[in-house]
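# Architecture at a glance
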Amino acid sequence: MSCLLLRVVDAAAGFNVTIGLLQRSTSRIRAYSLSSCRRHFSGFSAGHRSSFIQRRMSENGVLFQSRGKILTVDTMNPAVKKVEYAVRGPIVIRAVEIEKELKQGVKKPFTEVIKANIGDAHALGQRPITFLRQVIALCTYPDLLNDNKFPEDAKERARRILQACGGGSIGAYSASQGIECVRQDVAQYIERRDGGIPSDPNNIYLSTGASDAIVTLLKLLVSGEGRSRTGVLIPIPQYPLYSAALSELGAVQVNYYLDEENCWALDVQELRRAVTAARQHCQPKVLCIINPGNPTGQVQNRKCIEDVIRFAAEEKLFLMADEVYQDNIYAQGCQFHSFKKVLYEMGPEYCNTVELASFHSTSKCYMGECGFRGGYMEVINLDPQVKLQLTKLVSVRLCPPVPGQVLLDVIANPPREGEPSYEQFIKEKTAVLNNLAEKARLTEEIFNTVPGIKCNPVQGAMYSFPRIEIPDKAVKEAQVEQQPALLRTPRHSGQQSGTGSTA
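No experiment lies behind these values; they were computed from the predicted model shown.

Cut-offs applied
- Residues numbered from 1 in each chain as written.
- Predicted model: local features only at pLDDT ≥ 70, side-chain atom pairs only at ≥ 80, totals over all residues.
- Heavy atoms only, no water.
- Buried < 20%, exposed > 50% of the residue type's maximum accessible area, 1.4 Å probe, protein only.
- Helix = DSSP H or I, 4+ residues; strand = E, 2+ residues; numbered from the N terminus.
- Pairing = 2+ DSSP bridges.
- Axes fitted to C-alpha atoms, helices over the stretch in contact; angles between N-to-C directions.
- Parallel < 35°, antiparallel > 145°, perpendicular 65-115°, else oblique.
- Left-handed = near helix turned anticlockwise from the far one by under 90°.
- Contact = heavy atoms within 4.5 Å.
- Nonpolar A, V, L, I, M, F, W, Y, C, P; charged D, E, K, R; others polar.
- Salt bridge = Lys/Arg side-chain N within 4 Å of Asp/Glu carboxyl O.
- Polar contact = N/O pair within 3.5 Å; in protein donor to acceptor, adjacent residues only side chain to side chain.
- Phe/Tyr/Trp six-rings, centres within 6.5 Å; stacked < 30°, edge-to-face > 60°.
- Core = buried A, V, L, I, M, F, W, Y, C linked by side-chain atoms within 4.5 Å.
- pLDDT = per-residue confidence, 0-100.
- Arc of directions from axis to C-beta.

Of all six residues in strand S9 (residues 356-361), six are buried; the element is thus mostly enclosed. The sheet contact formed by strand S8 (residues 318-322) and S9 spans four bridges and is parallel. Looking at the pairing, Asp322 lines up with Phe359 of S9. Inspection of the sheet shows S9 paired to strand S10 (residues 375-380) by six bridges, in the antiparallel sense. Following the sheet pairing, Ala357 is matched in S10 by Val379.

Printed below as a string of C-alpha cells:
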C-alpha cells in the first residue's frame, strides 16, 4: 500500500516540485525530484504548470486524479433528504426575507412580521418567572449566595443542586441519566400530580427538551425491513418532529386523523382503521399521543384516554404520551389527565403490562424557557434489558444540559406555601396562564369573524389550527408558479396571498 507525499514550492523566480511515494510494505520513502535544481517556469501559465506536474508524476508511476467532493447531495444519507420540518421550513425562510425587505424600506401592506410558527413564549414577550431565574443565577454564579437580595428558599435549592454537581459547578458533566437529586424531585412532582401514584427516579431520564427524549426512544423502537419495518401511529394534524424523526430513522409513518368536526377529538375507531391498513405493509408497534394537542389545542377527556390504553393493550402497541402542555388548560370543563395516572387507576390488567413513556419539558406551560432545553421522560413497564440499552444510548451524548436540569428541578420543586418566594411565584404563574387563556379565547373569536376561516375552541396547549378556505384564484396562481400556495406572501399591496387549499 502506498501513500503519496507532494511538496510544491512556487517562488518568484521559479517552481520546485518534490514528490515522495511512501511504500508501507518496506517502510521506505522513494523520492522523485522533478529537478535537482530550480526549474524556471517564468513564462509558463498555471495550466502548463499543472500539465507538466501531472505528466512527470505519471512518468514516475504516480497516478494523479483531481478530487471531487466526498459529501454531496447524491452521496449523503438518503434518509436525511426525506426529513421535512415545516416549523422552521420554507415559510419561515420567506418570513425572514420579508423582514429584511421591510428593513430595506420595501413598501408592504403591513409594517412587521409576527412569527407564530413556533411556541417560543419569551420571544413573543412573555416574562420569565422570577424564582426560576433566581435559582439559575445562583447556580451559575455561586458567589451570589452571599448576596442578601436573593431569597433564602432560592438559595437552599441552589446549594442542594450545586452539592450534587461535580466540583460544585453546573459547568461539570452530570450523570448521563441526569443529576440524581433532580430525578428524585421530578419523581416527587409526578407523584403529587398523579395523586400519590408512585414514581421511581430510576425510571426517569432527563433530556435536552422533550424532543430529544422522543427521538431517543424512537431509535430503540424502530427495527425490521420491508413489511416487518416498525410502523408508528401519529396524529394528523401533527407536530412535525414526529414525521421528521420517522423519516430520519427509516420508520413507517402511520397517520390517524383527528376529528375536526368534534373539536379535534381522538376516535379509537380511527386508530383501528389506521392499524388495520398499516398491517398490509409494516408492523405497527408504536402509538404516539399528544395531549393537550399540538397543533390542534384539544384536551382529551378521561374516557378517551381509557379507550386509547385499552386499544394499545389489545393491539400490543407501545404508548408514547407527549404531555408537555399539561399546565395549559383553558376551556371550562376540561382537565388534564396524565396517561400514567389513568393507566394505574385502570388496575393491574393494564398498569402491569402496557408499556408507556411520557414526556414533559421546561419549554411550555407557564415557564416558556425554551432556550434552556430541559425535559424528562418517564418509562413504565420497560423490559430491564432494553432499559440497559436505553441508558447506554443516552450515555453516548454524555449528559443533558446541566442548566436545563437545574431549571427542571425548580419547576418540579417550586416554592411551597410559607416560603419567602411562594406568593410572588403563584402570582406570576397565574398571570401567565390567565394571559394565555385569554389569548386562546381571542384567537378563536377573531378567526371566526374572518370570512373563509373556521376555528375550533382552543381547549389547551399554545396553538390553534383553523380551517382556511383559499380562493380558487390564489390556488391557480400558486399552481402556475409550481409552488404551494402556503409560500405565497404579498410582495406588494396588490398581490394575492394564500395558505394552500384547505389547512
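Two numbers describe how helix H7 (residues 209-221) lies on helix H13 (residues 384-395): the axes approach to 11 Å, and their chain directions differ by 130°. Between H7 and H13, the crossing angle belongs to the class labelled oblique. Between H7 and H13 lies a crossing whose hand is right-handed. Two secondary-structure elements touch here, H7 through Thr216, Lys219 and Leu220 and H13 through Val386, Gln389, Leu390, Leu393 and Val394. Of the residues contributing to the contact of H7 with H13, the split by class is five nonpolar, two polar and one charged.

For the structure on display, the rule yields 27 salt bridges. Note that Arg397 and Asp212 form a salt bridge whose closest N and O atoms lie 2.0 Å from each other. In this pair, Arg397 is assigned in the loop between H13 and helix H14 (402-412) and Asp212 in helix H7, connecting sequence segments 185 residues apart. Assessed through its relative accessible area of 47%, Arg397 is described here as partly exposed. Using a relative accessible area of 15% as the deciding quantity, one classes Asp212 as buried. Here Arg310 and Asp307 are joined by a salt bridge, their closest N and O atoms 3.3 Å apart. Within this pair, Arg310 and its partner Asp307 are both found in helix H10 (residues 302-315), separated by three residues, close to a single helical turn. A cluster of three or more residues bridged by salt bridges with shared partners is formed by Arg302, Lys303, Glu306, Asp307, Arg310, Lys341 and Glu345.

Our focus in this paragraph is the side chain of Asn291. For Asn291, the position within the fold is in the loop between strand S7 (283-290) and H10. A relative accessible area of 1% places Asn291 in the buried class. At a separation of 2.9 Å, a polar atom in the side chain of Asn291 contacts the main-chain amide nitrogen of Gln300. The residues contacting Asn291, other than those within four sequence positions of it, are Gln298, Val299, Gln300, Ile305, Asp322, Glu323, Phe336 and His337.

As a further point, take the sheet that holds S7. Judged by pairing direction, the sheet is mixed, and its seven strands sit side by side in the order S4-S10-S9-S8-S7-S5-S6 without closing on themselves. Across the chains shown, the open sheet's two edge strands, defined by having one partner strand only, are strand S4 (204-207) and strand S6 (252-257). When the angles between neighbouring strand axes are averaged without regard to direction, this sheet yields 25°. Sheet topology note: the S7/S8 ladder contains five bridges and is parallel. For Ile289, the partnering residue across the bridge sits in S8 and is Ala321. Contacting S4, S9 and S10, helix H6 (residues 180-193) crosses the sheet at an angle of about 115° to S4. Strand contacts of helix H9 (residues 268-278): strand S5 (230-236), S6 and S7, with the helix running at about 150° to S6, the strand carrying the most contacts.

Where H6 contacts H14, the axes come no closer than 9 Å and their chain directions differ by 35°. Two packed elements cross with a definite hand, and for H6 against H14 that hand is left-handed. Residues Cys181, Val182, Asp185, Val186, Tyr189 and Arg192 of H6 form the contact with H14, whose own contacting residues are Gln405, Leu408, Asp409, Ile411 and Ala412. By residue class, the composition of the contact of H6 with H14 is seven nonpolar, one polar and three charged.

In this section: the packing of aromatic side chains. Within a pair of aromatic rings, the relevant descriptors are the distance that separates the centres and the angle that separates the planes. For the structure shown, the criterion picks out four aromatic pairs. With 5.6 Å between their ring centres and 85° between their planes, Tyr325 and Tyr463 make a pair best called edge-to-face. Linking Tyr325 in the loop between S8 and helix H11 (339-345) with Tyr463 in the loop between strand S11 (453-454) and strand S12 (467-468), this pair joins segments that are 138 residues apart in sequence. The exposure class of Tyr463 is buried, given its relative accessible area of 15%. Here Tyr366 and Phe425 contribute two aromatic rings whose centre-to-centre distance is 5.9 Å and whose plane-to-plane angle is 85°, an arrangement assigned as edge-to-face. Of the two residues, Tyr366 is situated in the loop between S9 and S10 and Phe425 in helix H15 (residues 422-447); the sequence distance between them amounts to 59 residues. Since its relative accessible area comes to 2%, Tyr366 is described here as buried. The exposure class of Phe425 is buried, given its relative accessible area of 4%.

Moving on to the nonpolar core. Counting 43 residues, the largest nonpolar core has Val135, Cys139, Val186, Tyr366, Tyr376 and Val406 as the members making the most contacts within it. If one sorts the elements of this core by residue count, H14 sits on top with seven residues. For Val406, the residues in contact, after removing those within four places along its chain, are Val135, Ile136, Cys139, Ile161 and Ile170.

Time to look at the confidence of the model for the chain. Chain-level statistics for the chain give a pLDDT mean of 83 and a share of 80% at 70 or above. Within the model, pLDDT remains below 50 along residues 1-40, and this stretch shows 70 contacts once partners closer than five positions in the same chain are excluded. This stretch, residues 485-503, has a pLDDT under 50; its non-local contacts, to residues over four places away or in other chains, come to 53 contacts.

Side chains of residues three or four places apart in an α-helix project in the same direction, reflecting 3.6 residues per turn. Of all the positions in H9, only Val268, Glu270, Leu271, Ala274, Val275 and Ala278 are classed as buried. Within H9, the buried residues cover an arc of 155° as seen down the axis, which keeps them to one side. Opposite the buried face of H9, by more than 90 degrees, sit the exposed residues Gln269 and Thr276. Those residues of H9 hidden inside the fold are in contact with S5, S6, S7 and H10. In this structure Asp267 caps H9, since a side-chain oxygen of it lies 3.0 Å from the backbone nitrogen of Gln269.

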